[in-house]
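One letter stands for each residue in the lines below.
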There are 2 protein chains.
Amino acid sequence: MKTYIEQNKDRFLSELFDLLRIPSVSADPKFKGDMRRCAEAVKESILKAGADLAEIHETPGHPVVYGEKIIDPALPTVLIYGHYDVQPADPYELWETPPFEPTIRNERIYARGSCDDKGQFYMHIKALETMVATGSLTCNVKIMIEGEEEVGSDHLGTFVRENKEKLKADVILISDTSIIANDVPSIEVGLRGLTYLEVEVTGANRDLHSGVYGGAVANPINVLCEMIASMKDENNHITIPGFYDKVQELSAEERSLMNEAPFDLDEYKRDLAIDELEGETGYTTIERTGIRPTLDVNGIWGGYTGEGAKTVLPSKAYAKISMRLVPDQNNDEILDIFTKHFLSIAPPSVKVVVKPHHGGLPYVTPVDSVEYKAAELAMKEAWGGKQPVPTRGGGSIPIVALFEQELGVKSILMGFGLDIDALHSPNESYGLFNFYKGIETIPLFFKYYTKLKK
Amino acid sequence: MKTYIEQNKDRFLSELFDLLRIPSVSADPKFKGDMRRCAEAVKESILKAGADLAEIHETPGHPVVYGEKIIDPALPTVLIYGHYDVQPADPYELWETPPFEPTIRNERIYARGSCDDKGQFYMHIKALETMVATGSLTCNVKIMIEGEEEVGSDHLGTFVRENKEKLKADVILISDTSIIANDVPSIEVGLRGLTYLEVEVTGANRDLHSGVYGGAVANPINVLCEMIASMKDENNHITIPGFYDKVQELSAEERSLMNEAPFDLDEYKRDLAIDELEGETGYTTIERTGIRPTLDVNGIWGGYTGEGAKTVLPSKAYAKISMRLVPDQNNDEILDIFTKHFLSIAPPSVKVVVKPHHGGLPYVTPVDSVEYKAAELAMKEAWGGKQPVPTRGGGSIPIVALFEQELGVKSILMGFGLDIDALHSPNESYGLFNFYKGIETIPLFFKYYTKLKK
């Protein structure tokens, strides 16, 4: 297989470049035609790789591309998930070379979508081609590449629910995450869930003169600040009753393994230009972002925020608050207990409204599962015997929990990007090393998964 | 005198109407010509009232009108202060009758400036005319009517400093405040001072992804909320060290007198649509707004404040904070101790900046002073024996402290407006009762002041 990849590497790259030249920006209606063109190109590439079938499924938004190669229904099935849509590229003037004219510099591919996610999902299509061409495909493959990941995957839930039979698989393989470094392979085993809401605190029925009423009438900004402050104690532990009830405590061994991941505290602080970190007492930075839930105010506003001074005692204050959740917290339950608590701590001098925004379940891949073991062995072999590190990224990918819920299947987040790839930013790039290493590693996953699953 | 007022009441009103027809809006450059025309009209009215002298003083902004009638240098001198500029009248469409076409409805004069302050300072000019015409002027009179009160009196400080000799007086009489009700005369004896500032809290050097960094890096909004919350204890007592050091504690007797002012708690709450008041434990609402200092957030902002949700861990959070001060707190000292305290409570995970906006000293008229006694006797006589109530309005009029500082003279705030006058709002009005009652009361102040001062 390595020989096949080596012999075809220039063509693989040039095909990816063709895909990167299509400005498939899902957020902007003016690229609607390009989105369609891109879906067609993805479908064609799946067929060319040797699939039995590839088709475009319409949705009320952008289409989903589906393909499959079933070699034996008795064998396990791997479902590949990826997305062909990309983030908007503006501001264009900050790009060193145009976002939709892929360019190689310093052994890296510069283009919008080079990593997120065209570069990464295209590795799977080339891996499939390689396995088919070399007769080494060991199980069935299904491929689902959507066009709305960057705008919230609004129609994917319906598509998945309506196509459960078609999408039936034993494991979902996703490359949309990063490794720690090119010489430190890693696999993302946890995603945090999310409860996002907005609160509104109302004092008097109108803005008041702070001289005439100040001191006698509740100031909703001061009250909101007090309510927010009261939700964490001096150890940055969240004080909402029941908040931690379902939080999985990891074993000392698991925590120790997690903390073996390389982490340079000085570099981390220097990059953010901060003197000190701040987080829950008793946990490391890796643990605070990986296995512990959080409560952050994402936005706050109220009163006079223009130039100069206005002595107003405002009627209202608002905040957007989100909580990152970890297994086994449930985002709906957390919304409930937050709401109950927030209403209970409101003083009688104000009225409070809690408005839910959205949420998602946390997700975790057990490191002793067959799925994880297969990924671990694949990476270890591809990296010449180096053991990959299980990591928990802290972010949330709601579709992963959705897949588990609707299809009853675990996902493996075996991504090949790096932190320096500048996803969503100008000058997004993807290393050539990473692109080819992915194509080399994916067939190994198939091999080990089939072997372990038997 | 009452006869003279009665005989001339229609002319007094028609002269005031002429003044109200001039749109003397100081904030808007398009009314510059009207401002000049208004200053001329005020000068003419002072001369016609019987003054020896009236003149227009240029400033870098709008002119100050000055007049005087010196009957005997050995007698006391009363300096009248007022302002001929008015607030902008927009939104015009909310006025029932045009703002610069004065109209009588329900025994009230409707026009921009009818109360604030043309109606009120013109009472003094008509009172002077009455005293001169009836040979009852008992002391010297100086009159200073400025044109920039509604835009911050920017050039009055310089004018006062440069004309200390000319403005030499024993007391300053100002009608730019209210009485409790037409059957409850009152005199404003206290104004709160003000320290207004802005704070900026910075965490990381850029907005971060709340999933990737949340829990490990300080959130400046959460930190700002905690800092604000920590500055008041559970009794709504301000916790900044030294904050109360110079606060004058009133005697039980003074507090008891102050609380005799009519105050309907249910009506107050109904008007503001609140279930409960909130303020410093151990003080009544009248005390909380009158004799106690406050700390209010006038505005707060940071992070994502648009529609929907964004999972940002912001780099910065801001608040505008003001403190109302009472005697003998000094606004510069309070700025200093606030700043020191705020910096001291900032955790090492953030950087904090405190930016001063503006401030003013608190002011109080001792109720046992000759000045107050004269006002009290005048009102008592005009109201048929009803004792006026000393009130503390809670607001700030920085020029009053300026007069005391520069001229060494106390001010008497004997205003005749009502809360319903809608100052600064559409449909501003002033009661005919109040206009004539003022013209009747002012000569009584002169009489009693001369008598007591001898």
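The name given to chain A in an unreviewed UniProt entry is Dipeptidase, and the organism recorded there is Runella salmonicolor.

Undergrad: Explain the sheet that holds strand 5 (residues 108-110) of chain A to me, please; I cannot follow it from the model alone.
TA: Paired through backbone hydrogen bonds, the strands of a sheet run either parallel or antiparallel to each other. All names here are of chain A. Reading across from one edge, 4-5-18 is the order of the three strands in this open sheet, with antiparallel pairing throughout. The open sheet has two free edges, formed respectively by strand 4 (103-105) and strand 18 (429-431), since each of these has just one partner strand. Ignoring which end each strand starts from, the neighbouring axes of this sheet average 30° apart. The pairing of strand 4 with strand 5 spans three bridges and is classified as antiparallel. Along strand 5, the bridge assignment pairs Ile 104 with Ile 109. Each of strand 4, strand 5 and strand 18 is contacted by helix 13 (residues 432-453), which is oriented at about 60° to strand 18, the strand it contacts most.

Undergrad: Mind showing me how you'd approach the interface of chain B and chain A here?
TA: It is common to give the size of an interface as the accessible area that goes away when the parts come together. Each partner contributes residues to the interface: chain B has 74 residues there, and chain A has 74 residues. The interface formed by chain B and chain A holds two salt bridges in total. A salt bridge links Asp271(A) to Arg206(B); the nearest nitrogen and oxygen atoms lie 3.0 Å apart. For the pair chain B and chain A, the number of links is 32 residue pairs in polar contact (both at pLDDT 80 or more). Ranked by the residues each element gives to the side of chain B that touches chain A, the list is headed by strand 11 (residues 296-303) of chain B, at eight residues. Of the residues belonging to the side of chain B that touches chain A, the class tally is 30 nonpolar, 28 polar and 16 charged. With five bridges connecting them, strand 11 (residues 296-303) of chain A and strand 11 of chain B associate as antiparallel partners. Residue pairing for strand 11 of chain B: Gly302(A) is matched across the bridge by Ile300(B).

Undergrad: What is the right way to read the UniProt feature "domain: Peptidase M20 dimerisation" (unreviewed entry) in chain A from this model?
TA: In the numbering used here, UniProt assigns the feature "domain: Peptidase M20 dimerisation" (unreviewed entry) to residues 190-347 of chain A. Its end C-alpha atoms 38 Å apart, residues 190-347 of chain A is made of 32% helix and 22% strand.

Undergrad: Looking at this structure, how should I read the packing of aromatic side chains?
TA: For any pair of aromatic rings, the description rests on two quantities: the centre-to-centre distance and the angle between the ring planes. Residue and element names in this part refer to chain A. Scanning the model with the defined rule gives 24 aromatic pairs over all chains in all. With a centroid separation of 6.4 Å and an interplanar angle of 5°, the aromatic rings of Trp 383 and Phe 416 are classed as stacked. One end of the pair, Trp 383, is in the loop between helix 11 (370-382) and strand 16 (389-392); the other, Phe 416, is in the loop between strand 17 (411-413) and strand 18, with 33 residues separating them in the sequence. On the accessibility criterion, Phe 416 (1% relative accessible area) is buried.

Undergrad: Explanation requested: the relation of the copies chain B and chain A in the structure shown.
TA: Mapping one chain copy onto the other needs a rotation about an axis and a shift along that axis. Mapping chain B onto chain A leaves a residual RMSD of 0.2 Å; the transformation is a rotation of 180° accompanied by 0.3 Å of translation along its axis. The superposition of one copy onto the other is thereby described by a two-fold rotation axis.

Undergrad: Help me understand the pattern of salt bridges, please; the structure alone is not making it clear to me.
TA: A side chain of one charge can pair with a side chain of the opposite charge if their charged atoms are brought near each other. Tallying each qualifying case throughout the model produces 56 salt bridges over all chains. Put simply, Glu129(B) and Arg11(B) hold a salt bridge, and the shortest N to O gap is 2.5 Å. With a gap of 118 residues between them, Glu129(B) in helix 3 (residues 118-133) and Arg11(B) in helix 1 (residues 2-20) connect regions that are remote in the sequence. A salt bridge links Arg161(B) to Glu406(B); the shortest N-O distance between them is 3.1 Å. You can see Arg161(B) sitting in helix 4 (residues 156-162) and its partner Glu406(B) sitting in helix 12 (residues 398-407), a full 245 residues away along the chain. Residue Arg161(B) is classed as partly exposed on the basis of its relative accessible area, which comes to 42%. When its relative accessible area of 17% is taken as the criterion, Glu406(B) is described as buried. Ionic contacts of the salt-bridge type, sharing partners, join the residues Arg11(A), Glu15(A), Lys126(A) and Glu129(A) into one network.

Undergrad: What should I look at first to understand helix 2 (residues 32-48) of chain B in this one?
TA: The α-helix winds at 3.6 residues per turn, so residues separated by three or four positions along the chain end up facing the same way. Residues and elements named next belong to chain B. For helix 2, built from 17 residues, the straight-helix expectation of 24 Å at 1.5 Å per residue is met to within 8% by its first-to-last C-alpha distance of 25 Å. The set of residues buried in helix 2 consists of Asp 34, Met 35, Cys 38, Ala 39, Val 42, Ser 45 and Ile 46. Axial view of helix 2: buried residues confined to an arc of 145°, hence all on one face. Positive phi shows up at Gly 50, right after helix 2, with a value of about 115°.

Undergrad: Honestly, the packing of helix 1 of chain B against helix 3 of chain B in this entry has me stumped. Any pointers?
TA: Helices that pack against each other are described as a pair by the angle of their axes relative to one another and the distance between those axes. All names here are of chain B. Where helix 1 meets helix 3, the axes come as close as 10 Å, and the angle between the chain directions of the two elements is 140°. The angle between the axes of helix 1 and helix 3 places the two elements in the oblique class. The two elements helix 1 and helix 3 meet at a crossing, and its hand is right-handed. Together, Tyr 4, Ile 5, Arg 11, Phe 12, Glu 15, Leu 16, Leu 19 and Leu 20 of helix 1 and Lys 118, Gly 119, Phe 121, Tyr 122, Lys 126, Glu 129, Thr 130 and Ala 133 of helix 3 make up the contact between the two elements. Of the residues contributing to the contact of helix 1 with helix 3, the split by class is nine nonpolar, two polar and five charged.

So, how was this worked out
Residues numbered from 1 in each chain as written. Chains lettered and ligands numbered in written order. Predicted model: local features only at pLDDT ≥ 70, side-chain atom pairs only at ≥ 80, totals over all residues. Heavy atoms only, no water. Pairing = 2+ DSSP bridges. Helix = DSSP H or I, 4+ residues; strand = E, 2+ residues; numbered from the N terminus. Axes fitted to C-alpha atoms, helices over the stretch in contact; angles between N-to-C directions. Contact = heavy atoms within 4.5 Å. Salt bridge = Lys/Arg side-chain N within 4 Å of Asp/Glu carboxyl O. Polar contact = N/O pair within 3.5 Å; in protein donor to acceptor, adjacent residues only side chain to side chain. Nonpolar A, V, L, I, M, F, W, Y, C, P; charged D, E, K, R; others polar. UniProt positions renumbered as here; feature names shortened; annotations may be inferred. Phe/Tyr/Trp six-rings, centres within 6.5 Å; stacked < 30°, edge-to-face > 60°. Buried < 20%, exposed > 50% of the residue type's maximum accessible area, 1.4 Å probe, protein only. Least-squares fit on C-alpha atoms with pLDDT ≥ 70 in both. Expected span 1.5 Å × (residues − 1). Arc of directions from axis to C-beta. Parallel < 35°, antiparallel > 145°, perpendicular 65-115°, else oblique. Left-handed = near helix turned anticlockwise from the far one by under 90°.

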